[in-house]
Amino acid sequence: MSALVGTGALIRLALRRDRVLLPVWVVCLAGVTVATGSAVGELYGTAESRALLATTAGGNPAFLALLGPLHDSTTAGGLLAWRWGVFGSLLTALAAMSLVTRHTRAEEETGRLELLGATAIGRRAPLAAAVSVSALACALIGAACALGLVGMGEGVAGSVAFGLGFAAVGLVFTAVGAVTAQLSATARTANALAGGALGAAYLLRAVGDAAGERGPSWLTWLSPIGWFEQLRPFAQERWWVLPLALGLALALVTGAWVLVARRDLGGGLLPTRPGAARAPRSLGSALGLAWRLQRGMLLGWALGMFVLGGVYGAVARGVEEMLTSNPLLAQLIARMGGSGALVDVYLASILGVVGLFSAVYAVQAALRPRSEEIALRAEPVLATPVRRTRWVAGHLLFATIGNAVVLAAAGLGAGLVHGLRVGDVGGQVARLVGAALVHAPAAWVVAGLALALFGLAPKLVPACWAVLVLLLVLGQLGPLLQLDRWAMDLSPFTHVPEVPGAEVSATPLVWLTVVAAALAAVGLLGFRRRDVG
Amino acid sequence: MTPAISVSGLIKDFGPTRALDGLDLTVRTGEVHGFLGPNGAGKSTTIRVLLGLLRADGGSARMLGGDPWRDAAALHRRLAYVPGDVSLWPNLTGGEVIDLLGRLRGGLDQKRRARLLERFELDPRKKGRAYSKGNRQKVALVAALASDVELLILDEPTSGLDPLVDAVFRECVEEERGRRTVLLSSHVLAEVEALCDRVSIIRGGRTVETGTLAELRHLTRTSVTAELAAPPTGLAELPGVHGLEVRGTRVAFEVDTGHLDAALGALVGAGVRALTSRPPTLEELFLRHYRDQPPVAATR
Ligand SMILES: Nc1ncnc2c1ncn2[C@@H]1O[C@H](COP(=O)(O)OP(=O)(O)OP(=O)(O)O)[C@@H](O)[C@H]1O
Ligand SMILES: [Mg+2]
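The structure contained in this document is the topic of the report that follows.

About the thresholds
- Residues numbered from 1 in each chain as written.
- Chains lettered and ligands numbered in written order.
- Predicted model: local features only at pLDDT ≥ 70, side-chain atom pairs only at ≥ 80, totals over all residues.
- Heavy atoms only, no water.
- Salt bridge = Lys/Arg side-chain N within 4 Å of Asp/Glu carboxyl O.
- Buried < 20%, exposed > 50% of the residue type's maximum accessible area, 1.4 Å probe, protein only.
- Helix = DSSP H or I, 4+ residues; strand = E, 2+ residues; numbered from the N terminus.
- Near = heavy atom within 4 Å.
- Polar contact = N/O pair within 3.5 Å; in protein donor to acceptor, adjacent residues only side chain to side chain.
- Areas by Shrake-Rupley, 256 points an atom, 1.4 Å probe, with all protein chains shown as cover.
- Nonpolar A, V, L, I, M, F, W, Y, C, P; charged D, E, K, R; others polar.
- Pairing = 2+ DSSP bridges.
- Axes fitted to C-alpha atoms, helices over the stretch in contact; angles between N-to-C directions.
- Contact = heavy atoms within 4.5 Å.
- Parallel < 35°, antiparallel > 145°, perpendicular 65-115°, else oblique.
- Left-handed = near helix turned anticlockwise from the far one by under 90°.

A word on the pattern of salt bridges
Residues and elements named next belong to chain B.
Phase 1 of the analysis: One pass over the full model with this rule turns up 32 salt bridges over all chains.
Phase 2 of the analysis: Measuring nitrogen to oxygen at the nearest pair gives 3.8 Å for the salt bridge that ties Asp71 to Arg70.
Phase 3 of the analysis: We classify Asp71 as partly exposed; its relative accessible area is 23%.
Phase 4 of the analysis: Between Arg177 and Asp197 there is a salt bridge, with its nearest N and O atoms 2.8 Å apart. Residue Arg177 is found in the loop between helix H6 (163-176) and strand E7 (181-185), and its partner Asp197 is found in the loop between helix H7 (189-195) and strand E8 (198-203); the two are separated by 20 residues along the sequence.
Phase 5 of the analysis: Here Asp197 falls in the partly exposed class, since its relative accessible area comes to 30%.

Here you go:
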């Protein structure tokens, strides 16, 4: 087919460009999977501890929302599928969709694809190549995980199902990325749309999993991440779930396949309407420009985090209910400080996840100047009287205050919903917004690191994303992997007080803020001294 | 009067590549100065140093009486810049970009903005990517021309413009002549010839020639072809005559402009039936500078 001419060459080009990135994704995901598998197997070494886990965490709506159901606690593999399945699926999906937009829309946006498109390359070749490379990455991730688990001594069927499960989620989001790359004219929007789909997939299964018998548990079935859970690796695998994922991926890729021929090179399908002939009064300063460039992302994140907070908050009460239904546990908990304390522990742990997500936003916002620089849009602005520090500071405001807004939105969502259920909206909103905001200084440190790299070594800026993945793994799995204290201390989030519940001491927060400010200052100074472009 | 721009011995390295290798450039206040050189000669790099975007590794640069790196923000109030690669924000309209850049520079003349939009036939309501290359260029041009500044720094401002818009651009620069200083980097020789008071030609990061076009012309040759009554005598021996071809009574040769008089004398002696003389075209002039010199070492 002439539309596919040159696909092979493009695949080779993509593999060459990603010769570091691809192996890093595969090795890291498989490595974390195996490490978590053996750690969780050791931690719950006895049959009793596993049974206890099954009755507590397995049936608890809060844990269900966060991690999904625990189908079989008798093997390490079964425990792993519960503890790591959802987050691992999230990361695989993230890798897949970013790979696809990177090789389709981003290339088109920069005009590089036009250069290639004029050579003997078919109209659909870039899409086909990007999808192939991403599918290959998913297959490698799945295979590496499966091999690792078999090597650990887990059952072959379960290991293969686990690997295929990750690969299937990755394939679906490969296809999602392929579609969003056709819809919008910029890679940024394409990634945002795909990210929104991923967030929705996470939330749908969170609600569905926590719903229980009477609730809308079917929601899980609407989510590709839910399909991983329903595949039930290590718990009488339901292989017939896999074709669902394959079918959806195929349908979406077909959609992208059709769309790519319907649109122009460089154009999107979402219509671009004519805008204002004159700039509004607000668009007249570096800050005004930053606001204009960042407000969409801020709004999207705030909304998403509000919903996430709401879903997490909705199941907080379940922690309590479960405890009162089990008199033995209730006694135990009462001695530990009452069921209220346990709800707080749950809320603190979900706010920890929220805090990590907010750091992703903070880094995105802090790195906007870098993407402006790469796109050659920094030059015209810096050729006006705007000072370099001013220009960056405008964006930094979003990484700091914007981050606080995003956190507050999550706290508000959780507080509203949880407050409604326990009949104390005012109190819970105030408490949870405050508790969410406590994570801001830690997110600022990550944003500060991004800015320091931007100022001192702009070529290393992509390392920020690796740092974020590392922080996610540390935060989610660090205690489980029994990492050394110093390793845990590397993460700024380790130093955040576990509120609500714990005492809030100002010292770590002040220190985190100081570190963040110092990193930002280093970045600003570095940027003032270096070449632009 | 101090020159608007004076650069001497400017050096800029990008890792192992030496982009500027002792470049000199003087732009007098009020003149339109052409900045020429082959691809990769260092024009855009010089301009970026002047804008304080790049930090020079050696030499000195002064612009509008200040230091381009140290006093960047203050100097930028007094200049406008059109980059070589215009990249617009995907979610901002052309009109918004023009207003934004103008306001950042400290305000722009509304009447002039409206007039320029009309003359360039630019629709200000489209968003970034919806503009063609030429129209993106127009957005940057209108933004620069509409602001009230002393110095315009234009890096290949007409690349991608159609001939009609090109003519409008020339008119605009012509109208501003004397009121503003213009540094115009360009590959379009006709444009340079039409607009520039003086030009600097650079190559491999060094200045190879600078002066008015008349001065540069003086260094070049006029080509002459003539139909004579009789075969010429003594033409070949004259100083300054090159590439003489004689076919019967037809002659063709090139002569250094300084020796034109003697050569014509020799033709008249043989009886002139028809004569065409062509002053050196700028193309020839530039090609000589672009091509003939040994390439300056670009790598240390
Ligand atoms: N950021 C950079 N990093 C490395 N090398 C660079 C960089 N910018 C410019 N150069 C090199 O410096 C030299 C001069 O480039 P410059 O862009 O100034 O040329 P130019 O005269 O503007 O050419 P053109 O007519 O093609 O626009 C070239 O050899 C180029 O490769
Ligand atoms: Mg250039």
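Re the site of ligand 1
Residues and elements named next belong to chain B.
Phase 1 of the analysis: Residues in contact with ligand 1, as listed here, are Phe14, Ala19, Asn39, Gly40, Ala41, Gly42, Lys43, Ser44, Thr45, Glu156 and His187.
Phase 2 of the analysis: At 2.8 Å, a backbone N or O of Gly40 approaches an oxygen atom of ligand 1.
Phase 3 of the analysis: One of the side-chain N or O atoms of His187 is found 2.8 Å from an oxygen atom in ligand 1.
Phase 4 of the analysis: When ligand 1 is considered free in solution it has 630 Å² of accessible area, and contact with the protein chains removes 62% of it.
Phase 5 of the analysis: For the shell around ligand 1, the element with the most residues is helix H1 (residues 43-50), which contributes three residues.
Phase 6 of the analysis: Its residues assigned to classes, the shell around ligand 1 comprises three nonpolar, six polar and two charged.

A short note on the sheet that holds strand E13 (residues 272-278) of chain B
Residue and element names in this part refer to chain B.
Phase 1 of the analysis: Ordered by their spatial adjacency, four strands build an open sheet running E11-E12-E10-E13, and the pairing between neighbours is antiparallel. Lying at the two open borders of the sheet, with one neighbouring strand each, are strand E11 (241-247) and E13. Going across the sheet, the axis of each strand differs from the next one's by a mean of 15 degrees, ignoring polarity.
Phase 2 of the analysis: Where strand E10 (residues 221-228) lies against strand E12 (residues 250-256), seven bridges are found, and the strand directions are antiparallel. Within the sheet, the bridge partner assigned to Arg221 lies in E12 and is Asp256.
Phase 3 of the analysis: Packed on one face of the sheet, helix H9 (residues 260-270) meets E10, E11, E12 and E13 and runs near 160 degrees to E12.

Description of the packing of helix H5 (residues 76-103) of chain A against helix H11 (residues 224-231) of chain A
Residue and element names in this part refer to chain A.
Phase 1 of the analysis: Where H5 meets H11, the closest approach of the two axes is 10 Å, and the angle between their N-to-C directions is 150 degrees. Judged by the inter-axis angle, H5 sits roughly antiparallel to H11. In the packing of H5 onto H11, the handedness of the crossing is right-handed. Contacts from Ala81, Gly85, Val86, Ser89 and Leu90 of H5 reach H11 at Ile225, Phe228 and Glu229.
Phase 2 of the analysis: Residue composition of the contact of H5 with H11, grouped by class: five nonpolar, two polar and one charged.

A few points about unusual backbone geometry
Phase 1 of the analysis: Of note, the bond from Val499 of chain A into Pro500 of chain A is cis; its omega dihedral lies within 30 degrees of zero at 0 degrees.
Phase 2 of the analysis: If you trace the backbone, Pro500 of chain A turns up in the loop between helix H23 (485-490) and helix H24 (506-529).
Phase 3 of the analysis: Although it is not a glycine, Arg232 of chain A adopts a positive phi angle of roughly 50 degrees.
Phase 4 of the analysis: Within the fold, Arg232 of chain A resides in the loop between H11 and helix H12 (242-262).
Phase 5 of the analysis: The residue Leu64 of chain B is not glycine, and still its phi comes out positive at about 50 degrees.
Phase 6 of the analysis: On the secondary structure map, Leu64 of chain B appears in the loop between strand E4 (58-63) and helix H2 (72-76).

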